[in-house]
Amino acid sequence: MAYWRAPLDLKKVEVPHGDIHINIEHCKGCNFCVEYCPREVLEMSVEFNRKGYHYPNVLKEGACVNCNLCEMICPEFSIFVLEGKTRHPEADEVIKGKEKS
Amino acid sequence: MKADPIGVATGNHYIDGDHACAEGAIAGGCRFLAGYPITPSTEVAERMAERFPFVGGQFIQMEDELASMAAVAGAAWTGVKAMTVTSGPGFSLMMENLGLATMMEVPCVLVNVQRGGPSTGLPTLTGQGDMMQARWGSHGDYELISLCPNSPQECFDLTITAFNLAETYRVPVLFMMDECVGHMTEKVVIPEADEIEIIPRKFYQGKKEDYRPYQFKGDGSVGPMIKAGEGYNIHVTGLTHDERGYPVINAEAQDKNVRHLVDKILLNEEKIRIIEEDQVEDADVVVISYGITSRVALKAVQDARAKGLKVGTMRLITVWPFPEKRIHELRDKVKAFVVPEINLGQIVLEVERCVSGKAKTILVPHAGGWVHDPNDILNAIEEGAK
Amino acid sequence: MSKTAEQILSDELLIPQPKEPLAHPMEGYLRTDRLPHIWCSTCGIGTVITAFIAGLQKSGLERDKVGVVSGIGCSGRAAGYLQLDSFHSTHGRAIAFATGVALGNPDMKVAVISGDGDIAAIGGNHFIHAARRNMNLAIICINNFNYAMTGGQAGPTTPESANASTAPYGAYEYPFNLPFLAESSGAVYVARWTSLHVRRVTNAIAEALVKPGFSFIEVIAPCPTLYARRNRLGSGLDLMRFYHDNAVIDHNADTRDIDIEYQKKIVVGKFVDKEKPTFLENKDAVLSAKLGDKYIPYKGA
């Protein structure tokens, strides 16, 4: 959600935010959450869990918009999202900028 | 606890065994029947379909016997006293979920009005060929209780007993009638409700989260049940399980689970046992019979006694668990056991096993379709007395 | 106390902070002492269970009044993970067993979660008859196109030409079109989704749970270990991508036309949602009319 200019009502808009929690030992590495996250918040780990699976890591925590899709599509009850503080869109831009650097 | 008067048709009736069985079930507290029509058992389901609307019962005619027995097992977990009724071919189909009911330890009653088999056999004629199926019909090791009535009056009385035993031991009870008893019309006296003793289901009273569906104490005892839909969140399965009902797939769990199923019946065999004996103490020959055959055997025994033979009778009302200890007591005192049955030798095998060669065992077989000629039994008694 | 630079940064930029381990929001509905479950990596059954819990929460039903019955097979293990009154019955008999529970306690809503083989092959007769009676049951049939628990044999829904361990040269039987079978047997609610459509499945389950009568939801789900591997379709994730590209939502589709062909488009949607008295409503109506005050309805044990 990068803007070419700041909308006039930007200060009034609040974006929901989710805190992502991952029980890595339940994960069987299906990749569903990484594939279907609409904000590309997650990536698969390089490390293995105790069962020998890669599990998701949070790549861009601040970008989660609490849509819960990862929680819903996870076949293992391994990832879930709790509602976090809403925020103003600027934060996104900061994150984008930070990534690029 | 006494019977609920609403289900007790007190009075003198002239009805057949099937109808008496239905009345016994209702008096005994049964309020759920799932069945599928099959000769010669249909009259039981028909009478219950007619009577249930007046006593608050739930009747459903299922699509087959597999479904009937499954529905009974499911209904029993809601706390209701449930039963099904069938005959030979349907009995075979019920074996699958009879095993489930056994494994889940649900109290219920399965009425089998026996006819001639195998397969479609003799739909309208009698037989006693399902007795070993009653013992071994479903796969795996287990013990159940089987009752054999020999008159319409007993069809009433013993159906109540069957429900009481099912509740006491959390086990399916097989009510092994036969076509002759089922279709024989006689006087049936139904007593007042306060003369009928009912064993109600034992429900768990403690904290919900502490409830365990099963108790494997090794002493033949069974734990209390709950009603589904009341927040206990139980899990029960046909898989080998632990006391929580959770599947555990290993040899130790199997040993604990299956031994419990067997122990709760065998350790209580003498409490469960209902047998009727006459003049066995000084007998040379004991005639062991059950169901309709016991009434034919009586004529042979009377004739033998008229000839001066010392003959006793033992009628198995509970055929399973088999009264092994009682046969052990008698086997050294008598010359022979005579076993007439309407099959080519089933319960006789169990008698032989218990006698262990210490007396003669003489089978009087009959392939089915009719009852014995009493003279055949008399001849066997005479042979045994030699 | 003034904030450190790092605190300010983390507040502003939402940098991950170490968190206390928290309980999964669905934990109260799960037998967590049995997790992780037995299903393979990328299997779709777990997703359907998540959707079931979400649907149950959404339905507003009192949780203690909801029971689950499963049959045998991979999907048959569903009952074992749900912290509800849950029954793991015999192969094919889940609907018959559930009929007993639903009639034994008419205040309960009983859901059946089981597989295509369990419900449509060995349990096919119970399925059509429970639908015919409009028994108050919600059936969730997880269709993975094969018998997975026993090693990938062909089943009643295996598409023609698909490979299975008992169809090693390709299946040549006609498969069932389950929504059509359900509708023609009398179901009042019929839907088909894939396990990719988690929100649709959740909504369907919520609707089915509150709908009086016989509801049927088919959920197409990936079987990575057997169906996908034997047919060289990749992982469960590849099948999810296939659903994404080939599932066509058409709520108005005629169920006669929605057969599933091997690796062709899958028509999904809510096809039937109608009102019809249930088995018990009909029973009460007929017996009350005939017997009047003498009729005593069954009220449960």
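Residues numbered from 1 in each chain as written. Chains lettered and ligands numbered in written order. Predicted model: local features only at pLDDT ≥ 70, side-chain atom pairs only at ≥ 80, totals over all residues. Heavy atoms only, no water.

Enquirer: Explain the overall build of chain B here, please?
Expert: Check the secondary structure of chain B and you find 13 helices and 16 strands. Its C-alpha atoms give chain B a radius of gyration of 21 Å, near enough to 21 Å, the size a compact globule of 386 residues would have. Here the C-alpha coordinates of chain B stretch approximately 65 × 50 × 40 Å along the principal axes. Every one of the 386 residues in chain B was classed for burial, and the buried ones make up 64%. When contacts within chain B are restricted to residue pairs at least 6 apart in sequence, long-range pairs at least 24 apart make up 78% of them. Total accessible area on chain B stands at roughly 13,500 Å², and carbon and sulfur atoms take up 51% of it. Within chain B, the 53 negative side-chain charges are centred at a point lying 5 Å from the centre of the 37 positive side-chain charges. (Helix = DSSP H or I, 4+ residues; strand = E, 2+ residues; numbered from the N terminus. Rg over C-alpha atoms; globule rule 2.2 N^0.38 Å. Buried < 20%, exposed > 50% of the residue type's maximum accessible area, 1.4 Å probe, protein only. Contact = heavy atoms within 4.5 Å. Areas by Shrake-Rupley, 256 points an atom, 1.4 Å probe, with all protein chains shown as cover. Lys, Arg positive; Asp, Glu negative; His and termini not counted. Charge placed at Lys NZ, Arg CZ, Asp CG, Glu CD.)

Enquirer: Quick question: what am I supposed to make of the domain arrangement of chain B here?
Expert: Accessible area lost upon the coming together of the parts is a frequently used measure of interface size. Residue and element names in this part refer to chain B. Each assigned domain of chain B is listed with its residue range as follows: domain 1 (11-195) and domain 2 (276-385). Across the contact, 27 residues belong to domain 1 and 24 residues belong to domain 2. For the pairing of domain 1 and domain 2, the buried interface totals around 2,000 Å² over both sides, and the portion due to carbon and sulfur atoms is 59%. Between the two partners, domain 1 and domain 2, sit 2 salt bridges. Between R295 and E186 there is a salt bridge, with the nearest N and O atoms lying 2.5 Å from each other. (Domains from an automatic or database assignment. Buried area = accessible area lost by both parts, 1.4 Å probe. Salt bridge = Lys/Arg side-chain N within 4 Å of Asp/Glu carboxyl O.)

Enquirer: Just to check I follow, could you spell out the interface of chain C and chain B for this structure?
Expert: On the chain B side, the residues contacting the 45 residues of chain C number 46 residues. Summed over both sides, the interface between chain C and chain B buries roughly 3,500 Å², with carbon and sulfur atoms accounting for 57% of that surface. Run the count over chain C and chain B and you get 3 salt bridges. A salt bridge links D33(C) to R244(B); the shortest N-O distance between them is 3.4 Å. At the surface where chain C touches chain B, the tally comes to 28 residue pairs in polar contact (both at pLDDT 80 or more). At the level of secondary structure, the elements contributing two or more residues to the side of chain C that touches chain B comprise β2 (85-88), α3 (94-104), α5 (124-133) and α10 (279-291) of chain C. When residues in the side of chain C that touches chain B are grouped by element, the largest group, 7 residues, is from α3(C). A breakdown of the residues in the side of chain C that touches chain B according to their chemical character gives 19 nonpolar, 14 polar and 12 charged. With 3 bridges joining them, strand β10 (residues 235-237) of chain B and β2(C) adopt parallel strand pairing. For T237(B), the partnering residue across the bridge sits in β2(C) and is H88(C). (Polar contact = N/O pair within 3.5 Å; in protein donor to acceptor, adjacent residues only side chain to side chain. Nonpolar A, V, L, I, M, F, W, Y, C, P; charged D, E, K, R; others polar. Pairing = 2+ DSSP bridges.)

Enquirer: I'm lost on the sheet that holds strand β11 (residues 275-278) of chain B in this one. Help?
Expert: Think of a sheet as strands paired side by side through backbone hydrogen bonds, with each pair either parallel or antiparallel. Residue and element names in this part refer to chain B. The 5 strands lie next to each other as β11-β13-β12-β15-β16, forming an open sheet whose pairing is mixed. Every interior strand has two partners, whereas the edge strands, β11 and β16 (360-365), have only one. Averaged over all adjacent pairs, the angle separating strand axes in this sheet is 20°, with direction ignored. Strand direction decides the pairing type here: strand β12 (residues 285-289) and strand β15 (residues 336-341), joined by 3 bridges, are parallel. Bridge assignment links V287 to a residue of β15, and that residue is V338. (Axes fitted to C-alpha atoms, helices over the stretch in contact; angles between N-to-C directions.)

Enquirer: I tried to follow the interface of chain A and chain C on my own but got confused; where do I start?
Expert: Each side of the interface is counted separately: chain A has 33 residues, and chain C has 36 residues. For the pairing of chain A and chain C, the buried interface totals around 2,900 Å² over both sides, and the portion due to carbon and sulfur atoms is 68%. A per-residue breakdown of the area chain A buries against chain C is headed by F32(A), M72(A) and F77(A), which together make up 26% of the total. For the pair chain A and chain C, the interface holds 1 salt bridge. The partner of R241(C) in a salt bridge is E35(A), with the nearest N and O atoms 2.6 Å apart. Run the count over chain A and chain C and you get 9 residue pairs in polar contact (both at pLDDT 80 or more). Those elements that provide at least two residues to the side of chain A that touches chain C are β1 (18-22), α1 (32-36), α2 (69-73), β4 (79-83) and α3 (90-100) of chain A. Across the side of chain A that touches chain C, the residue classes break down as 18 nonpolar, 6 polar and 9 charged.

Enquirer: How should the arrangement of the chains be read in this particular structure?
Expert: The structure contains 2 pairs of chains in contact, of which chains B and C account for the largest number of contacts. These two, chain A and chain B, are apart from each other, with no contact and a minimum C-alpha gap of 19 Å.

Enquirer: Even after reading the chapter, I still don't get the packing of aromatic side chains, so can you show me in this structure?
Expert: Within a pair of aromatic rings, the relevant descriptors are the distance that separates the centres and the angle that separates the planes. Residue and element names in this part refer to chain B. All chains considered together, the criterion is met by 12 aromatic pairs over all chains. Positioned above the aromatic ring of W136 is the side chain of R135, whose terminal nitrogen or guanidinium carbon lies 3.7 Å from the ring centre. Its end group placed over the ring of Y232, K208 keeps NZ or CZ at 5.4 Å from the ring centre. (Phe/Tyr/Trp six-rings, centres within 6.5 Å; stacked < 30°, edge-to-face > 60°. Lys NZ or Arg CZ within 6 Å of the ring centre and 35° of its normal.)

Enquirer: Explain the packing of α5(C) against helix α6 (residues 178-185) of chain C to me, please; I cannot follow it from the model alone.
Expert: Residue and element names in this part refer to chain C. It is the contact of α5 with α6, at a shortest axis distance of 8 Å, that shows an interaxial angle of 45°. By the criterion of interaxial angle, the relationship of α5 to α6 is oblique. Along the contact surface, α5 presents F127, I128, A131 and R132, while α6 presents L181, A182 and S185. Looking at the contact of α5 with α6, its residues break down into 5 nonpolar, 1 polar and 1 charged. (Parallel < 35°, antiparallel > 145°, perpendicular 65-115°, else oblique.)

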